[in-house]
Amino acid sequence: MQRRRLRVTGTVQGVGFRPFVYRLAAELGLTGSVSNDSRGVLIEAQGPPDVLDRLERRLRAEAPPLASIATLETESLPVDGPGKTGFSILDSRAEGAPAVAVSVDVATCDDCLRELADPSDRRYRYPFVNCTNCGPRYTIIRSIPYDRALTTMAGFPMCDRCRAEYTDPADRRFHAEPNACPVCGPRLRLLAPDGTGLATADDALRRAVALLDEGRILAVKGLGGYHLAVDATAPGPVAELRRRKARDDKPFALMVPDLAAARRLCRLAPEAEAALTSPRRPIVLAPRLQADDPANPIAPGLGELGLMLPYTPLHFLMMEALDRPLVMTSGNLSDEPIASDDTDALVRLGPMVDAILTSDRPIHIRCDDAVVRARPSGKPVQMVRRSRGFAPEPLPLVRPTRARVLAVGAELKNTVAVAKGTTVVASHHIGDLEHLAAYRSFLQAVDHLCHLTGVIPDVVAHDLHPEYLSTKYAAELDLPAIGVQHHHAHIASCMAEHRREEPVLGVAFDGLGMGTDGTMWGGEFLVADLAGFRRVGHLRTVALPGGNQAIREPWRMGMAWAAASLGREEAERYGRSADDRWPAVLDLVERPGTLRTSSAGRLFDGVAALLGLRTRVTYEAQAAIELEACAAASSTPAPGGYEPEVSTSGGLLVLDPGPLVARVVAERDGGTPVPDISAAFHAGLGRGVATVAAGLAGDNGLDTVALSGGVFQNARLTGVVEHELSAQGLTVLVHRHVPPNDGGVSIGQAAVAAYRSP
Ligand SMILES: [Zn+2]
Ligand SMILES: [Zn+2]
């Protein structure tokens, strides 16, 4: 006989781990106990050594689907005398600092779906059915340990039958904290836009479905906030939703009833289908089979659609009744944070909708849908927005840290992260901090994340841009601060996700980020590790005429790049065709004092403008996204001759796309189809980037190149650079689980600060 204590850490609470241990121990005939505490799960088991060994093996091999074991430590205990029999599940203990990973929100499981559809089940058509294997988690937890009393379900005392399930270790709902039924749990309500009650429970659902069927716009409460929903096949109502939401061109995501419906709309590689049907249920961006209907623009100008499958019981019931795609877009006006609080939703969404389908189960923290982008078959999907279903899943650190790091992220697509011990945990998507409402949401997210992870920060990591609200917030904290350069943070986030410690050649291509010299960078070649970096090359700089206005009006970048590559006359010729304000912009382009940038994102803007694709954008990176999208229509292989030049300046390599831009303009004037020019531009720039990166890697004795920054969301460019570098024998690190865009910056900041505080 032996007695052992097994300590399990990782995502092991709220995922059915204790009942799993209980059943396993009972099956193996072991005596002892299992309990949750603030560090994870603690098991004490007694039995023959070989059976205890088997327990350890099977804990790892057969863990429940949502569990993820980070560590399993074993120690010997004195053997208990005879008299102790059986195996038991003990109550949660709350001592010690919380270190346990809180589970992500999980789509309704098959068992629950069966009950939902079974007229003889007591949860038939109950829109809040859930169990240990599915349902809300991150969005309802107020504090840890994960126990009903500390969730937004605290206000729903369980009925006798629910309590019996909850306390029975053999039941699928044993300690399913959001467990509920029609007798004791949350209820649906249908409200008029002014908040007047219209219907409850199943009647509310039926009337909501009827309204959607008539083409009305509804606010629908989900897991992490409200969606605005409308029949996607009805042109008038979709256009009306665009008008009410003040959303000009930005694509709408669709919820489709099932995989078959998704396949009718998009070409889905196996990796994309796996993402679409996974319990995390992100929105998957995938190539569409039919062009946008101009009469019903869902994703104007784009070759992809964002699709998701239903993930709450309510969604399943709605989709079953409607059996057609629904627009399901964030419940907000324009770029504000998604509405998640019921009172707030009524105020903000009431004026935009015809009715509100809500419930009395509160959402503790808002959490938008996550977004991943499909890549060609054989390549894993890439994270674009790491949010519901992924936050707050921890990522491992390369080396443990003694510090407790809070990383406050960038300005756009903000997320925050904390690092402690061996992991970094990033928040859900918060949004663009230029809006006050988003800043309030940022403060809530910092609070929530620190609470869940039990971190009282002793170091804060931030961007170098002094005007970012996140930087200002960091400065107000009375803590040692570590400023992490924006592009270094991007590369560090890519290294962190690949658990890479040795230096890499980092290529960081994005919009704009503050450099160490006070200018705006965005097309950078860095020799980097997690501790620091050295800038060894960059894209040629050009004027950024009008600062932020140049971001909203790509024609300004068209003029800047025309002037830089072809001279004043060409800039003037283009300017006349683009906008009446061209003389003032030409003046800015030529004035020596104008802010300059090496931004790759602005290069894409400029080229999109010169090709006549877009002179003004209504959402971030629209011109660059449309430039990539149009290349998909090219059928000819990209010709040579679209080559950037390489020179040196001040000891740095400079990649000059000037000749490439000149060729783009010449082909345009010669009548070459725009998709072909775009494809050739991508290929030429990609080859140039690879040449410079490979050269710099060689010069610095590096064998690995990391690609990061929002521009590497561009699958076409990434594909070329990856292919060229691999062909030269270099290892290429491409993002997969962490967004290449600014949503990943907090993770990079946290990784750097943690690495510097061993
Ligand atoms: Zn379930
Ligand atoms: Zn009940």
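All of these numbers come straight from a predicted model, not from anything done at the bench.

Residue-level account of the overall build of the chain, with values.
Helix and strand counts for the chain come out as 23 helices and 29 strands. In terms of C-alpha radius of gyration, the chain reaches 27 Å, essentially the compact-globule figure of 27 Å for 758 residues. Within the chain, buried positions represent 61% of all 758 residues. Of the contacts made within the chain by residues no fewer than 6 positions apart, 70% connect residues no fewer than 24 positions apart. Averaging the coordinates of the 81 positive side-chain charges in the chain and doing the same for the 90 negative ones gives two points 3 Å apart.

Provide a residue-level description of the coordination of the zinc ion (ligand 1), including the pertinent values.
Protein-derived coordination of the zinc ion (ligand 1) comes from Cys109 (SG), Cys112 (SG), Cys131 (SG) and Cys134 (SG), at a distance range of 2.3 to 2.4 Å. All donor residues of the zinc ion (ligand 1) come from one chain, and their arrangement in sequence is C-x2-C-x18-C-x2-C. You can see Cys112 sitting in helix H3 (residues 110–117) and its partner Cys134 sitting in the loop between H3 and helix H4 (160–167), a full 22 residues away along the chain. What makes Cys134 buried here is its relative accessible area of 0%.

I'd love a proper account of the pairing of strand E17 (residues 395–407), names of residues and values included.
Here is the key point about a regular strand: its side chains alternate between the two faces of the sheet. Sheet analysis places E17 next to strand E18 (residues 417–426), joined by seven bridges and oriented antiparallel. Each bridged residue has a counterpart across the sheet, and for Arg404 the counterpart in E18 is Lys420. Note that E17 and strand E19 (residues 459–462) share three bridges and pair parallel. Residue pairing in the sheet places Val405 in a bridge with Val459 of E19.

Kindly report on the coordination of the zinc ion (ligand 2), identifying the contributing residues and their values.
Within the first shell, the zinc ion (ligand 2) binds the protein through Cys159 (SG), Cys162 (SG), Cys181 (SG) and Cys184 (SG), at distances of 2.2 to 2.3 Å. Each of the four donor atoms bound to the zinc ion (ligand 2) contributes to angles spanning 106 to 115 degrees, and the resulting shape is tetrahedral. Along the chain, the residues donating to the zinc ion (ligand 2) are arranged with the sequence spacing C-x2-C-x18-C-x2-C. Just as Cys159 is buried, Cys162 falls in that class too.

Tell me about the nonpolar core, and name the residues and values.
The biggest cluster of nonpolar side chains holds 80 residues, and the ones touching the most others in it are Phe17, Ile43, Leu59, Met318 and Leu357. Setting aside chain neighbours within four positions, we find Leu59 in contact with Leu6, Phe17, Phe20, Val21, Leu24, Ile43, Ile69 and Leu72. Ala600, Leu603, Leu660 and Leu702 belong to the second-largest nonpolar core, a separate cluster that totals 67 residues.

Please set out helix H19 (residues 622–631) residue by residue, giving values where relevant.
Among the ten residues that make up H19, eight are buried, leaving the element largely enclosed by the rest of the structure. Within the sequence span of H19, burial applies to Gln622, Ala623, Ala624, Glu626, Leu627, Glu628, Cys630 and Ala631.

Can you break down the pattern of salt bridges residue by residue, with the values?
For the structure shown, the criterion picks out 59 salt bridges. Among the salt bridges present, the one from Arg373 reaches Glu304, with a minimum N-O distance of 2.9 Å. Of the two residues, Arg373 sits in strand E15 (residues 371–373) while Glu304 sits in strand E12 (residues 304–308), which places them 69 residues apart along the sequence. Residue Arg373 shares its accessibility class with Glu304, and that shared class is buried. The residue Arg616 makes a salt bridge to Asp579 at a minimum N-O spacing of 2.2 Å. On the criterion of sequence distance, the pair formed by Arg616 in the loop between helix H18 (600–610) and H19 and Asp579 in the loop between helix H16 (568–578) and helix H17 (582–590) is long-range, its members being 37 residues apart. Owing to a relative accessible area of 35%, Arg616 belongs among the partly exposed residues under this scheme. One continuous salt-bridge network, built from bridges that share partners, spans Arg3, Arg5, Glu44, Glu75 and Asp80.

An account of the sheet that holds strand E3 (residues 40–47) is requested, with residue identities and associated values reported.
Read from one edge to the other, the open sheet built from five strands follows the order E4-E1-E3-E2-E5, with strand pairing classed as mixed. Each having just a single partner strand, strand E4 (68–77) and strand E5 (87–89) make up the two edges of the open sheet. Looking at each pair of strands side by side, their axes are set apart by 15 degrees on average, direction ignored. Lying over the sheet, helix H1 (residues 17–28) contacts strand E1 (2–11), strand E2 (31–37), E3, E4 and E5, oriented at roughly 175 degrees with respect to E5. Of the strands in this sheet, E1, E3 and E4 are in contact with helix H2 (residues 49–61), which crosses E1 at around 5 degrees.

Mind laying out the sheet that holds E19, listing which residues take part and the relevant values?
Within a sheet, neighbouring strands are paired by backbone hydrogen bonds and run either parallel or antiparallel to one another. An order of E18-E17-E19-E20 is seen for the four strands of this open sheet, with the pairing classed as mixed. Either end of the sheet is taken by a strand with one partner, and the two such strands are E18 and strand E20 (481–483). Direction aside, neighbouring strands of the sheet carry axes that sit 55 degrees apart on average. As paired strands, E19 and E20 are joined by three bridges and run parallel to one another. The partner of His462 across the bridge, within E20, is Gly483. Set on the sheet, helix H11 (residues 436–453) makes contact with E17 and E18; between it and E18 the angle comes to about 155 degrees.

Describe the environment of Leu505, with residues and values.
Within the secondary structure, Leu505 is located in strand E21 (residues 504–514). Once the C-alpha coordinates of Leu505 and Ala697 are considered, the two residues, 192 residues apart in sequence, prove to be 5.7 Å apart. Among residues more than four places away in sequence, those in contact with Leu505 are Phe525, Leu526, Val527, Val536, Ala693, Leu696, Ala697, Leu702, Thr704, Val705 and Ala706.

Describe in detail the state of the cysteines, supporting the description with residues and values.
Under the criterion given, the structure shown has zero disulfides. Not engaged in a disulfide, the cysteine Cys266 finds its nearest cysteine sulfur in Cys630; these two sulfurs lie 19 Å apart.

Would you mind going over the packing of helix H15 (residues 554–566) against H16 in detail, with residue names and values included?
At a minimum axis separation of 7 Å, H15 and H16 run at an interaxial angle of 160 degrees. In terms of their interaxial angle, H15 and H16 are classed as roughly antiparallel. With respect to the hand of their crossing, H15 and H16 are arranged in right-handed fashion. Residues Trp555, Gly558, Met559, Ala562, Ala563 and Leu566 of H15 form the contact with H16, whose own contacting residues are Arg568, Glu570, Ala571, Tyr574, Gly575 and Ala578.

Calculation notes
- Residues numbered from 1 in each chain as written.
- Chains lettered and ligands numbered in written order.
- Predicted model: local features only at pLDDT ≥ 70, side-chain atom pairs only at ≥ 80, totals over all residues.
- Heavy atoms only, no water.
- Helix = DSSP H or I, 4+ residues; strand = E, 2+ residues; numbered from the N terminus.
- Rg over C-alpha atoms; globule rule 2.2 N^0.38 Å.
- Buried < 20%, exposed > 50% of the residue type's maximum accessible area, 1.4 Å probe, protein only.
- Contact = heavy atoms within 4.5 Å.
- Lys, Arg positive; Asp, Glu negative; His and termini not counted.
- Charge placed at Lys NZ, Arg CZ, Asp CG, Glu CD.
- Donors = N, O, S within 2.8 Å, 3.2 Å for Na, K, Ca; no water.
- Pairing = 2+ DSSP bridges.
- Tetrahedral: all angles 85-135°; square planar, octahedral: opposite > 155°, others 65-115°.
- Core = buried A, V, L, I, M, F, W, Y, C linked by side-chain atoms within 4.5 Å.
- Salt bridge = Lys/Arg side-chain N within 4 Å of Asp/Glu carboxyl O.
- Axes fitted to C-alpha atoms, helices over the stretch in contact; angles between N-to-C directions.
- Disulfide = S-S within 2.5 Å.
- Parallel < 35°, antiparallel > 145°, perpendicular 65-115°, else oblique.
- Left-handed = near helix turned anticlockwise from the far one by under 90°.

Limitation: the analysis is restricted to geometry and does not speak to function.
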